[in-house]
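# Summary of the model geometry
These are the residues of each chain, in order.
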Amino acid sequence: MKAFRQAVEARDLAAIEALLAEDVVFISPVAFQPYPGKAMTAAILRGVLRVFEDFRYVSELAGADDRDHALVFETKVGGKDITGCDFIHLDDDGLIDRFMVMVRPLSGAQALAEAMNAQFDQIRREATQR
């Protein structure tokens, strides 16, 4: 998880994408349906980096088998403080195959939903251009 955390903190989009499995599934805190595939997940994460302000990871938990990780973060979106957690699972090759995000409070989740909705046309274009 160190490589992923460093890539996110450095905003290194190529390094983040390199850590994603082709069959990764992104589970959004604000959308009902999961988003399958590396191209879509990478595009969503690029969108997230565009809307998150003052992002920082504040703690990390790992499962006994080192394949499940929880990265707690703090950020702002549209002036709203958000605390969230990235729940990440690694496949047999050490690549991210499941990426689920939870956020709080509700006002922060609503601000995130609005900001990401505004990004979604660009996210779809980026995902189909790969």
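Residues numbered from 1 in each chain as written. Predicted model: local features only at pLDDT ≥ 70, side-chain atom pairs only at ≥ 80, totals over all residues. Heavy atoms only, no water.

The name recorded for the protein chain in an unreviewed UniProt entry is Membrane protein, from Actinoplanes ianthinogenes.

Another aspect to go through is the nonpolar core. Grouped together as the largest cluster of nonpolar side chains are 38 residues, with contacts concentrated most on Phe-4 and Ile-44. When residues of this core are traced back to their parent elements, those giving at least two are helix H1 (2-10), strand S1 (20-27), helix H3 (38-51), strand S3 (53-62), strand S4 (68-77), strand S5 (80-90), strand S6 (96-104) and helix H4 (106-128). Beyond its immediate stretch of four places on either side in the chain, Phe-4 contacts Ile-16, Leu-19, Tyr-57, Leu-71, Ile-88, Ile-96 and Phe-99. (Core = buried A, V, L, I, M, F, W, Y, C linked by side-chain atoms within 4.5 Å. Buried < 20%, exposed > 50% of the residue type's maximum accessible area, 1.4 Å probe, protein only. Helix = DSSP H or I, 4+ residues; strand = E, 2+ residues; numbered from the N terminus. Contact = heavy atoms within 4.5 Å.)

To describe two helices that pack against each other, one gives the angle between their axes and the distance between the axes. The geometry of H3 relative to H4 is characterised by a closest axis approach of 9 Å and an angle of 135° between their N-to-C directions. By the criterion of interaxial angle, the relationship of H3 to H4 is oblique. Two packed elements cross with a definite hand, and for H3 against H4 that hand is right-handed. Together, Ala-39, Met-40, Ala-43, Ile-44, Arg-46, Gly-47, Val-48, Arg-50 and Val-51 of H3 and Leu-112, Ala-115, Met-116, Gln-119, Phe-120, Gln-122, Ile-123, Arg-124, Glu-126 and Ala-127 of H4 make up the contact between the two elements. (Axes fitted to C-alpha atoms, helices over the stretch in contact; angles between N-to-C directions. Parallel < 35°, antiparallel > 145°, perpendicular 65-115°, else oblique. Left-handed = near helix turned anticlockwise from the far one by under 90°.)

Moving on, we get to H4. The end-to-end C-alpha separation of H4 is 31 Å, in line with the 33 Å expected for 23 residues at 1.5 Å each. Where H4 bends most, the angle comes to about 50°, and this point is Phe-120. Among all positions of H4, only Gly-108, Ala-109, Ala-111, Leu-112, Ala-115, Met-116, Gln-119, Phe-120, Ile-123, Glu-126 and Ala-127 are buried. (Expected span 1.5 Å × (residues − 1). Bend = angle between axes of the 7 residues up to and from the residue.)

With that out of the way, let us pick up the pattern of salt bridges. Tallying each qualifying case throughout the model produces 10 salt bridges. The closest approach of N and O atoms between Glu-9 and Arg-5, which form a salt bridge, is 3.2 Å. Linking Glu-9 with Arg-5, this pair stays in helix H1, spanning four residues, or about one helical turn. In this structure Glu-9 comes out as partly exposed when scored by relative accessible area, which is 44%. When the shortest N-O distance is used, the salt bridge between Arg-46 and Glu-17 registers 3.6 Å. Remark: Glu-17 occurs in helix H2 (residues 13-18) and Arg-46 occurs in helix H3; sequence separation between them is 29 residues. (Salt bridge = Lys/Arg side-chain N within 4 Å of Asp/Glu carboxyl O.)

Here S3 pairs with S4 via seven bridges, running antiparallel. Bridge pairing links Ser-59 to Val-72 in S4. The antiparallel pairing of S3 with S4 creates a hairpin that spans five residues between the two strands, and Asp-66 there sits at a positive phi of about 60°. Once S4 ends, the chain turns through two residues before running back antiparallel as S5, passing Gly-78 with a positive phi of about 55°. (Pairing = 2+ DSSP bridges.)

The final tally for this structure, using the stated rule, is eight aromatic pairs. With 5.6 Å between their ring centres and 40° between their planes, Phe-52 and Phe-73 make a pair best called tilted. Remark: Phe-73 occurs in strand S4 and Phe-52 occurs in the loop between H3 and S3; sequence separation between them is 21 residues. By the ring-pair criterion, three or more aromatic residues cluster together here, those being Phe-52, Phe-55, Tyr-57 and Phe-73. (Phe/Tyr/Trp six-rings, centres within 6.5 Å; stacked < 30°, edge-to-face > 60°.)

The pairing of S1 with S6 spans four bridges and is classified as parallel. From the neighbouring strand, Ile-27 faces S6, where its bridge partner is Met-100. Where S5 meets S6, eight bridges bridge the pair, whose relative direction is antiparallel. Across the sheet, Gly-84 pairs through a bridge with Val-103, a residue of S6. The loop that links S5 with its antiparallel partner S6 comprises five residues; one of these, Gly-94, has a positive phi angle of about 80°.

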